[in-house]
Amino acid sequence: MKELLPFIISGITVGSLYGMAGTGLVLTYKTSGIFNFGHGANATIAAYVFYWLHIEHGWSWWLALIVSVFVVGPILGLIMERIARQLALQRTSHKIVATVGLIVLVQGIATIWYGSDTLPVAQYLPKGSDSFEVGGVFVSYAQVTLTVISIIVVGALYVLFRYTRLGIAMRAVVGDPDLVDIIGANPISIRQMSWVIGTTFAALSGVLLLPLIGLQAIALTLLVAQAFAAAAFGAFNNIPLTFLGGLGVGILANVSKKYVLDVSWLSGLPSSLPFLVLIVMLLLLPKWRLVPPSSVERRPPLAYRAPLRFRLGTAVPVLALFLLVPTFAGIHLSYFTLGLTQAILLLSLGLLVRTSGQVSLCHTTFAAVAAVAFSQFSVDHHMPWLAAVLLGALVAVPIGALVAIPAIRLSGLFLALATFGFGIMVENLFYPLGFMFTHLADGRRMPRPDFATGDKAYYYVVLAFLVVICLVVVAIHESRIGRILRGLSDAPLAVATMGLSTNVTRVIVFCISSFIAGLAGILYGSSANFATSADIRYTAFTSLTLIAILALAPFREPWFALFMGFTAIIPGYISGEHVNDYLNIIFGFFAVQVSLQGGPTPMPQKLQAYFNRFGRKPAAVATQVEAPPPVAAPEGGPGLAIDGLTIRFGGLVAVKDVSLRAPLGTITGLVGPNGAGKTTTFNACSGLNKPNAGKLTFQGRDVSRLAPARRARLGLGRTFQRMELGETLTVVDNVALGRESSMAGGKIFSQFAARPAERRVTHAAAWSAMETCGITHLAELQAGALSTGQRRLVELARCLAGPFDLLLLDEPSSGLDRAETERFGEVLTRVVQERGCGILLVEHDMSLVMKVCSYLYVLDFGQLLFEGDPQAVAGSEVVQAAYLGGSAAIPAGAEPEVQS
């Protein structure tokens, strides 16, 4: 133990700073719903200001600390609050990109200001000579000071957050800002205070860490990012646990230094360990802990898609221009080759981020692994060049599948965190090893093919790869896998409850993306002839830069990659030491701006209309084709049975001992006041909520433990109270997903493409459902451009297109006017009569409920209050009391009244 004591003591010092930074991060996340990836950037800014004041201008350390922490920190907090306020309703990917853009922006400015080398900073607190002995180990007063400061400020934050009115308001501001406003507190002021405190904590940690690690933008940013592991230990919610997590991470990382001294291949473990802890905690935390404070998001901007004839006509001159590049590029040709490889990498990343809605912050890791594998196949094992390229890229596929494991249970922010940690961990732990980039300074040799050793010939080789990959990516978007990926991006719950095994889909897209990223890494390495761990294009930081670049890219596939990929040629024509850093400033700044507005500015309507003139008018579609009816049980079949359903969320009982029946061939109503537990019951029926007690039976089969997709494939479909549509998909593609999701199911090859017979069935089902709902005239419009009432009809049509025996409709008439509601009721009645299916209807429009339902169940406070036919419900005093209030409401725990 005595041997470990020095490492433990130094670990406590560093860990307390991690814990302090982590608590500031948790505070801002809890109160704004924005996880600040740029938390380390705020710490970096304060550290550079301190260095500028104290080292360069000779200010006393305490005055420089006051200015850099207690002046710069609050200013940064107010700026961050304005950014967070504008990001609050943006999609999760934009929230991530905006804060990542801050990292790229600050890194560029800092590197231009002070260079990329690490600048040492002497300890300005009580010097190391001022120390005392503990167990034979000398402890400096500086270490004690750092630890005590951290404990005091975190303790003060905990007291503020837990026991003061301001703290209570901070905790309430995310859950119900309107309520905070009603009680006389300004939610904006509360969030401002939270961000001021959080960024001040980041600034203080950055300034205090400065003597321990020196001044270097990337190192300081990523070191403070180790606070992410502390935040994960505290489940992104608990301040004391976050601080303890920081202490634990610091101690573990420092103690590991002792054990790696004799094991050279573990030399990167201490710096990797915090990110390993981050990944492990994300995998171990219960899923309910990984729910963002707010899930309300704006609709994504509509993406214009030009007619096929226009796209093909544009592709010809673009390809011709690429073919002519060697004739005018001259000595800059290598930069154009680099641009081609970057375009391939952006195509790969775009497939994940833009198409499937999953953010990866470790894409350069795939490129690096494939480059190393290629070198081993080609140089060490003398394989033919093309075979080595394809096999090297294939090696990245299982790495992509490994990264997809967190994607199965994580999404959005937490998937980005996991991939961020994975990329840094691999770089620190494995890059320096002999089986990766080797211990040699020049790394691994990356040969070119024998027939293209020159720059001009090799350019055409890379161009050929780019063209093929563009065609493959476009084919993916036009096929079944492309449609379900876009559905997964915009409406993940919907495609899961329509029969798609989304876990399989996520693994597939990660594998495809990692293969293409691997090709980009190999082709880039061969263009440079060597691949080294020091090459910025293989480092984790470049993954952040790529996300910022992708955020700025206009147009759709593959044009966004071609357009932004060739920003790589700019350094070839503009000389200067810091050209790439200036580009990073531009990328970072505009990534923030674009994210704040919800994405790139859509193409003007007049320009869209002009381009549309080059396309053919869509042919009239024969909508009289009837879709094959779903395979349903005979009218009056068993349908859905719920027995003793109970659902708890922590200490809250949302649904208690509810039993009901929804037979086929009839419409059953589930009604009750807001908050009665209706949607919670629906989610349990679909498999989105796990019951704490009770049994769910469908068609005589126990489905209580089945996944949502499996229940859907058995014939249980649904709509959602908050609509789940593929906003950027056309109406017909949205409706087709109702049938296609179950066809794709959980089989890999079924998800890729549809057989001709399946395409015919899907087409007929989609058009029949749209005709039933009266929306065939909207078929080619994007769902995001429709009114609320039209979108409700699209969601119903998607449900009708599926092979479902029982439909769970959650407030489907919301947003419809009276005439539309009347027609809607007629549609429901006709569907049941013609198909023999059943409907369980949650609806607040009681006139519609009374008209179409044969039997009603009434919930109140999660319990079954009454059941009976519509006339009995209308005349029930306890039902009237539940809706209107009054003494007739039944006491808690009483048996429900049943009227047959």
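Our next topic: the overall build of the protein chain. Tallying secondary structure elements over the protein chain gives 37 helices and 15 strands in all. Referenced to the eigenvectors of the C-alpha coordinate spread, the extents of the protein chain come out at roughly 85 × 70 × 50 Å. With 900 residues in all, the protein chain has 58% of them scored as buried. Counting contacts in the protein chain only where the partners sit at least 6 residues apart, residues at least 24 apart contribute 77% of the total. In the form shown here, the protein chain has an accessible surface area of approximately 36,300 Å², with 63% of it arising from carbon and sulfur atoms. Across the protein chain, the 62 positively charged side chains and the 51 negatively charged ones have centroids separated by 4 Å.

Here we come to the nonpolar core. The biggest cluster of nonpolar side chains holds 245 residues, and the ones touching the most others in it are Phe37, Phe236 and Leu466. At 13 residues, the largest contribution of residues to this core is made by helix H15 (residues 333–355). Formed by 25 residues, the second largest nonpolar core is a distinct cluster that contains Val658, Leu660, Ala662 and Leu670.

Quick look at helix H4 (residues 72–87) now. Between its first and last C-alpha, H4 extends 22 Å over 16 residues, near the 22 Å set by a 1.5 Å rise per residue. Elements that come into contact with the buried residues of H4 comprise helix H1 (5–32), helix H2 (39–56), helix H3 (61–70), helix H5 (92–114), helix H9 (187–213) and helix H26 (579–596).

Counted according to the given criterion, the structure contains 17 salt bridges. The partner of arginine 483 in a salt bridge is glutamate 740, and the shortest N-O contact between them spans 2.9 Å. One end of the pair, arginine 483, is in helix H20 (residues 480–490); the other, glutamate 740, is in helix H30 (residues 731–744), with 257 residues separating them in the sequence. Accessibility classification places arginine 483 together with glutamate 740 in one group, the buried group.

The next point concerns unusual backbone geometry. A negative phi holds for most residues other than glycine; trans holds for most peptide bonds. The omega torsion across glutamate 557 and proline 558 is -5°, close enough to zero to call that bond cis. Here proline 558 is to be found in the loop between helix H23 (540–552) and helix H24 (559–565). Even without glycine at this site, histidine 382 takes up a positive phi of about 55°. Examined against the element boundaries, histidine 382 turns out to sit in the loop between helix H16 (363–380) and helix H17 (385–409). On the basis of relative accessibility, which here comes to 67%, the residue histidine 382 falls in the exposed class. Non-glycine residue asparagine 529 carries a positive phi angle of around 75°. For asparagine 529, the location among the structural elements is in the loop between helix H22 (502–528) and strand E4 (530–531). By relative accessible area, asparagine 529 is classed as partly exposed at 34%.

This part takes up a nonpolar patch on the surface. A grouping of Trp59, Trp61, Trp62, Leu63, Ile66 and Phe70 is seen on the molecular surface, where their side chains present a nonpolar patch of about 580 Å² in accessible area. Among the secondary structure elements, isoleucine 66 is positioned in helix H3.

Here we come to H5. Spanning 23 residues, H5 covers 34 Å between terminal C-alpha atoms, matching the ideal 33 Å at 1.5 Å per step. Extensive coverage of H5 is indicated by the burial of 19 of its 23 residues. Phi turns positive, to about 85°, at glycine 115, one or two residues after H5.

A few words now on the sheet that holds strand E6 (residues 652–662). Across the sheet, which stays open at both edges, the four strands sit in the order E6-E5-E8-E9 with antiparallel pairing between neighbours. Looking at the sheet topology across the chains shown, the edges are occupied by E6 and strand E9 (701–702). Bridge analysis of strand E5 (residues 640–649) against strand E8 (residues 693–698) gives five bridges, and the strand direction is antiparallel. Paired with leucine 640 across the two strands is phenylalanine 698, which belongs to E8. Its contacts with the sheet place helix H28 (residues 678–686) against E5, E6 and E8, and it is angled at close to 115° to E5.

Our focus in this paragraph is the side chain of serine 479. By the secondary structure assignment, serine 479 is in the loop between helix H19 (455–478) and H20. Only 2.9 Å separates the side chain of serine 479 from the backbone oxygen of isoleucine 476, close enough to count as a polar contact.

On to the packing of aromatic side chains. The final tally for this structure, using the stated rule, is 31 aromatic pairs. A ring pair is formed by phenylalanine 37 and phenylalanine 228, whose centres lie 5.8 Å apart and whose planes are at 85°; its orientation type is edge-to-face. Of this pair, phenylalanine 37 sits in the loop between H1 and H2 while phenylalanine 228 sits in helix H11 (residues 227–233), and the two are 191 residues apart along the sequence. Each member of the pair, phenylalanine 37 together with phenylalanine 228, is buried. One aromatic cluster is present, formed by Tyr29, Phe35, Phe37, Phe228, Phe236, Phe275, Phe414 and Phe420 through successive ring pairs. Across the ring face of phenylalanine 720, the terminal group of arginine 718 is positioned such that the distance to the ring centre comes to 4.2 Å.

Let us now look at the packing of H9 against helix H10 (residues 217–224). Contact pair H9 / H10: the axes reach a minimum separation of 11 Å and the direction vectors enclose 120°. With respect to H10, the axis of H9 lies oblique. Two packed elements cross with a definite hand, and for H9 against H10 that hand is right-handed. Across the interface between the two elements, Ser205, Gly206, Leu209 and Ile213 of H9 pack against Leu220, Leu223 and Val224 of H10. Here the contact of H9 with H10 is composed, by residue class, of five nonpolar, two polar and no charged.

What follows is about the environment of proline 398. Mapping proline 398 onto the fold places it in helix H17. Judged by relative accessible area, which is 48%, proline 398 ranks as partly exposed. Considering only alpha carbons, one finds proline 398 and leucine 157, 241 residues apart in sequence, at a separation of 44 Å.

Of the strand pairs in this sheet, strand E1 (residues 131–134) and strand E2 (residues 137–140) are connected by four bridges, and their pairing is antiparallel. Residue pairing across strands places serine 131 opposite serine 140, the latter belonging to E2. Hairpin connection of E1 to E2: two residues between the antiparallel strands, including glycine 135 at a positive phi of 60°.

Our focus in this paragraph is the confidence of the model for the protein chain. The pLDDT averaged across the protein chain works out to 86; a share of 92% of its residues lies at or above 70. Taken as a whole, residues 619–635 scores under 50 in pLDDT and shows 31 contacts with residues more than four places along the chain or in a different chain. Confidence over residues 886–896 falls short of pLDDT 50; this stretch has 13 contacts with residues more than four positions distant or in other chains.

Between two packed helices, both the angle of their axes relative to each other and the distance between the axes serve to describe the pair. Here H1 crosses helix H12 (residues 239–260) at 145°, and the two axes come no closer than 6 Å. As for how H1 packs across H12, the hand of that crossing is right-handed. Looking at the contact of H1 with H12, its residues break down into 12 nonpolar, 11 polar and two charged.

Mapping serine 704 onto the fold places it in the loop between E9 and helix H29 (708–713). With a relative accessible area of 16%, serine 704 lands in the buried category. Sequence spacing of serine 704 and lysine 690 is 14 residues, and the spatial spacing of their C-alpha atoms is 8.2 Å. Sequence-distant contacts of serine 704, that is, excluding residues within four places in its chain, are made with Pro691, Gly694, Lys695, Leu696 and Arg711.

For the coordinates displayed, the defined rule picks out zero disulfides. No disulfide involves cysteine 511; its nearest neighbouring cysteine sulfur is the one of cysteine 362, lying 13 Å away. On the basis of relative accessibility, which here comes to 17%, the residue cysteine 511 falls in the buried class.

Take the environment of glutamine 358 next. Mapped onto the elements of the fold, glutamine 358 is located in the loop between H15 and H16. When the C-alpha positions of glutamine 358 and alanine 84 are compared, they lie 21 Å apart, and in sequence the two are 274 residues distant. The contact partners of glutamine 358, leaving out residues within four places of it in the chain, are Leu352, Val353, Ala407, Leu415, Leu488, Arg506, Val509 and Phe510. Side chain to side chain, glutamine 358 and serine 356 meet in a polar contact 3.2 Å long.

The rules behind each value
- Residues numbered from 1 in each chain as written.
- Predicted model: local features only at pLDDT ≥ 70, side-chain atom pairs only at ≥ 80, totals over all residues.
- Heavy atoms only, no water.
- Helix = DSSP H or I, 4+ residues; strand = E, 2+ residues; numbered from the N terminus.
- Buried < 20%, exposed > 50% of the residue type's maximum accessible area, 1.4 Å probe, protein only.
- Contact = heavy atoms within 4.5 Å.
- Areas by Shrake-Rupley, 256 points an atom, 1.4 Å probe, with all protein chains shown as cover.
- Lys, Arg positive; Asp, Glu negative; His and termini not counted.
- Charge placed at Lys NZ, Arg CZ, Asp CG, Glu CD.
- Core = buried A, V, L, I, M, F, W, Y, C linked by side-chain atoms within 4.5 Å.
- Expected span 1.5 Å × (residues − 1).
- Salt bridge = Lys/Arg side-chain N within 4 Å of Asp/Glu carboxyl O.
- Patch = residues over 30% accessible without salt bridge, like charges linked within 9 Å, V, L, I, M, F, W, Y side chains within 5 Å.
- Pairing = 2+ DSSP bridges.
- Axes fitted to C-alpha atoms, helices over the stretch in contact; angles between N-to-C directions.
- Polar contact = N/O pair within 3.5 Å; in protein donor to acceptor, adjacent residues only side chain to side chain.
- Phe/Tyr/Trp six-rings, centres within 6.5 Å; stacked < 30°, edge-to-face > 60°.
- Lys NZ or Arg CZ within 6 Å of the ring centre and 35° of its normal.
- Parallel < 35°, antiparallel > 145°, perpendicular 65-115°, else oblique.
- Left-handed = near helix turned anticlockwise from the far one by under 90°.
- Nonpolar A, V, L, I, M, F, W, Y, C, P; charged D, E, K, R; others polar.
- pLDDT = per-residue confidence, 0-100.
- Disulfide = S-S within 2.5 Å.

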